[in-house]
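# Fold and contact review
If you want the building blocks of each chain, they are given just below.
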Amino acid sequence: MEKRTDETSAHKEMRSADWFGKSDKMGFVHRSWLRNQGYPSDYFDGRPVIGICNTWSELTPCNGHLRELAEVVKRGVIEAGGFPLEFPVTSLGETIMRPTTMLFRNLAAMDTEESIRANPLDGVVLLTGCDKTTPSTLMGACSVDLPTLVIPGGPMLNGRFRGECLGSGSFNWMVKEKTIVESYSAEDILEAEIGVARSAGHCMTMGTASTMACMVEALGLTLPGAAAIPAVDARKKVMAQLSGRRIVQMAKENLKLSKVLTREAFENAIIVNAAIGGSTNFVIHLLAIAGRIGVNLQLEDFDRIGSKIPLLANLKPAGKYLMEDFYYAGGLPVVISQLKQYLHNDAVTINGQSLGENNHAPVCYNQDVIATIDKPVQQQAGIAVLKGNLCEQGAIIKPSAANKELMQHRGRAVVFDTIEDYHARIDDPQLDIDEACVIVLKNVGPVGYPGMPEVGNVDLPEKLLRKGIRDMIRISDGRMSGTAAGTVVLHVSPESAVGGTLAFVHDGDMIELDVAGRRLHLDITDEELARRRAAWQPPEPMAERGYVKLHIDHVQQAHLGADMDVLRGGSGSKVTRDLH
Ligand code: FES
């Protein structure tokens, strides 16, 4: 016969003891119902309870393998003497959800936060993959601040199509071009469609998902080398099992998120992101994460810290290779070791070692994929933060993905009031536009769309594509997919829907972009700007009820990370009321 659990000193050390460690009625209730899953008494003996926060969903194809991976994590937790309990949270499937997953990032973060706090957990493993599943779960976990580590689900194997490597995401942006310019048939596109997604995992370009995986590794929240391991590589399971073992120790050591996520860790992430040519979405998500954990990170920090960092990773969308190649070349540890002169090498990571100790001297197996600091792919990478009357709180551009000839440019604005307006008119042969023009797209910001979709890198007009034009300046208050490239100014803040200057741009206005001078200017007089501002009517709100109304009422602007004002910061792990 099994013995009833008694209160022990081990119980008192763990947060979960408040649920499982008591001999009273509620201790009975908390243990008894869980016992219907067949756990023996000693699972309630004070061992660390580890929550495996799973973003698995069949509607999130990039995370479709995470259920299997969770079982491997459990192996590790049990081996180390922990009690694993897997739970689901809102999963955000980038390619399927409408109108945009970004509308729901904060909702998923709320779900994660409340799920962690409300339950008897001593440590948390975040199982993530697709773009928003990493920042949303991490934002939520930060607001609770338990010992937490991340297991990135890993990229898909390289896409293959007609003997060539194909980057997921990147091909999407070429479908119009391939169809018009290279006369691809529907069958050609169908063949590419299958060849580009041939294994479990997330996008295998250095898009947002890969960027987020590298971000959490650079922040010190994964075991070393975790980010680039392909989803279907057996070493992904090894890493998951070792992570399961490690989180049990972290719970015992009370190595909380706030001990790892210091100001130095955020600076390290900015530096690494520049060197890998990471997605512009990195900016908005890192700002939001910093806001949750209480680190004072500003938009300007991304430029000041990251924009002089050399580009080391030769990865699509800007470069040549894909994540599978990146892993075989040595992965993120090689990049981190090359960057040691820039990094805070003593920043603590979740395995208890410093970032420098973890990435001491890894071997690079292919310097065409990961260059050395002495011979980088490009001398300066990172994100440039623009200021000017068109973006008083800032806007960003990724110079490594932009056309050098357009980095200083003055052009005539061609304005689209909404994304629907853009779709209706962009391919109209009568549209008065040429390659020197600046495409301006309004009302795709956090409030205006709402949810700030990835539409900033709009396709060029068909008539200019046929002429051989492949890039033009595009400006919007929206975001851009991490798998896209081009001379695209994004995250204009304040956005047009709340009365930012973008709202007052008219067709024919001249716009000046000067990336070196960090300037974005609408060339009209202050008097004319004031006149247009006074005559402006804000757009009708996009929702009157439900979560979307909550989002519109509380979402902050892009330069603050587009989190909700009521969600910034944290409330710790203490439950405010219980039934006793
Ligand atoms: Fe999920 Fe790209 S669509 S990572």
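Since the structure is predicted, the reported quantities are computational estimates derived from the model, not experimental observations.

### Section: the overall build of the chain
Check the secondary structure of the chain and you find 21 helices and 14 strands. Principal axes of the C-alpha set define a box for the chain whose edges measure 85 × 55 × 50 Å. When burial is assessed residue by residue, the chain has 62% of its 580 residues classed as buried. Pairs at least 24 apart in sequence give 77% of the contacts found in the chain among residues at least 6 apart. Accessible surface computed for the chain: about 22,700 Å², of which carbon and sulfur atoms make up 51%. Counting 60 positive and 71 negative side-chain charges, the chain places the centres of these two groups 4 Å from one another.

### Structural notes on the environment of Thr-280
Tracing the backbone shows Thr-280 in the loop between helix 12 (263-276) and helix 13 (281-293). Under the relative-accessibility criterion, Thr-280 is labelled buried at 1%. A sequence separation of 118 residues divides Thr-280 from Lys-398, and the C-alpha atoms of the two residues are 6.8 Å apart. Setting aside anything within four residues of it in sequence, one finds Thr-280 in contact with Ile-383, Ile-396, Lys-398, Met-480, Leu-490 and His-491.

### A closer look at the nonpolar core
Judged by nonpolar contacts, the single largest core of 113 residues is most densely connected at Leu-138, Leu-219, Leu-221, Phe-266, Leu-286, Phe-326 and Leu-339. Among the elements that line this core, the one with the most residues is helix 12, at nine residues. Every residue in contact with Phe-326, bar those within four places of it in the chain, is listed here: Cys-214, Ala-228, Ile-276, Ala-313, Leu-315, Gly-331, Leu-332, Val-335, Val-369 and Ile-370. With 28 residues, the next largest nonpolar core counts Ala-395, Val-438, Phe-504 and Ile-511 among its residues.

### Overview of the UniProt feature "domain: Dihydroxy-acid/6-phosphogluconate dehydratase C-terminal" (unreviewed entry) in the chain
UniProt records the feature "domain: Dihydroxy-acid/6-phosphogluconate dehydratase C-terminal" (unreviewed entry) for residues 368-562 in the present numbering. Between the C-alpha atoms that bound residues 368-562 there is a distance of 37 Å. The span itself is 16% helix and 23% strand.

### Observations regarding the pairing of strand 13 (residues 510-514)
Within strand 13, four of the five residues are buried, which leaves the element mostly enclosed by the surrounding structure. Where strand 9 (residues 408-416) and strand 13 come together, five bridges link them in antiparallel fashion. Bridged to His-409 within strand 13 is Leu-513. The pairing of strand 13 with strand 14 (residues 519-522) spans four bridges and is antiparallel. Bridge pairing links Glu-512 to His-521 in strand 14. Linkage of strand 13 to strand 14, two consecutive antiparallel strands, is achieved through a turn of four residues, within which Arg-518 is found at a positive phi near 55 degrees.

### Some details on the pairing of strand 10 (residues 438-441)
Every second residue of strand 10 is oriented toward a common face, with Val-438 and Val-440 on one face and Ile-439 and Leu-441 on the other, all of them buried. Pairing between strand 9 and strand 10: four bridges, direction parallel. Opposite Phe-416, over in strand 10, you have Leu-441 as the bridge partner. Direction of pairing for strand 10 relative to strand 11 (residues 473-476): parallel, over a ladder of four bridges. Paired with Leu-441 across the bridge in strand 11 is Ser-476.

### Observations concerning unusual backbone geometry
Each neighbour pair has its own omega, and for Lys-316 with Pro-317 the value is 20 degrees, a cis peptide bond. In this structure, the amide linkage connecting Ser-493 to the following residue, Pro-494, adopts the cis form with an omega of 0 degrees. With respect to the secondary-structure elements, Pro-494 resides in the loop between strand 12 (488-493) and strand 13. Not every positive phi belongs to a glycine, and Asn-443 is a case in point at roughly 60 degrees.

### Topic: the side chain of Ser-496
Checked against the element boundaries, Ser-496 lands in the loop between strand 12 and strand 13. Among the polar contacts listed, one links the side chain of Ser-496 to the backbone nitrogen of Asn-443, at a separation of 2.8 Å. The contact partners of Ser-496, leaving out residues within four places of it in the chain, are Lys-442, Asn-443, Asp-477, Leu-502, Ala-503 and Trp-536.

### Regarding the environment of Ser-16
Mapped onto the elements, Ser-16 comes out in the loop between helix 1 (9-13) and helix 2 (17-20). Along the sequence, Ser-16 and Gly-220 sit 204 residues apart, while their C-alpha atoms lie 25 Å from each other. In this view, Ser-16 contacts Gly-21, Arg-47, Val-49, Pro-120 and Asp-122; residues no more than four positions away in its chain are not counted.

### Considering helix 9 (residues 208-218)
An α-helix turns once per 3.6 residues; consequently, residues spaced three or four apart project the same way. In terms of burial, helix 9 is largely enclosed, as 11 of its 11 residues are buried. Where helix 9 ends, the next residue or the one after it, Gly-220, has phi of about 90 degrees, a positive value.

How each quantity is defined
Residues numbered from 1 in each chain as written. Predicted model: local features only at pLDDT ≥ 70, side-chain atom pairs only at ≥ 80, totals over all residues. Heavy atoms only, no water. Helix = DSSP H or I, 4+ residues; strand = E, 2+ residues; numbered from the N terminus. Buried < 20%, exposed > 50% of the residue type's maximum accessible area, 1.4 Å probe, protein only. Contact = heavy atoms within 4.5 Å. Areas by Shrake-Rupley, 256 points an atom, 1.4 Å probe, with all protein chains shown as cover. Lys, Arg positive; Asp, Glu negative; His and termini not counted. Charge placed at Lys NZ, Arg CZ, Asp CG, Glu CD. Core = buried A, V, L, I, M, F, W, Y, C linked by side-chain atoms within 4.5 Å. UniProt positions renumbered as here; feature names shortened; annotations may be inferred. Pairing = 2+ DSSP bridges. Polar contact = N/O pair within 3.5 Å; in protein donor to acceptor, adjacent residues only side chain to side chain.

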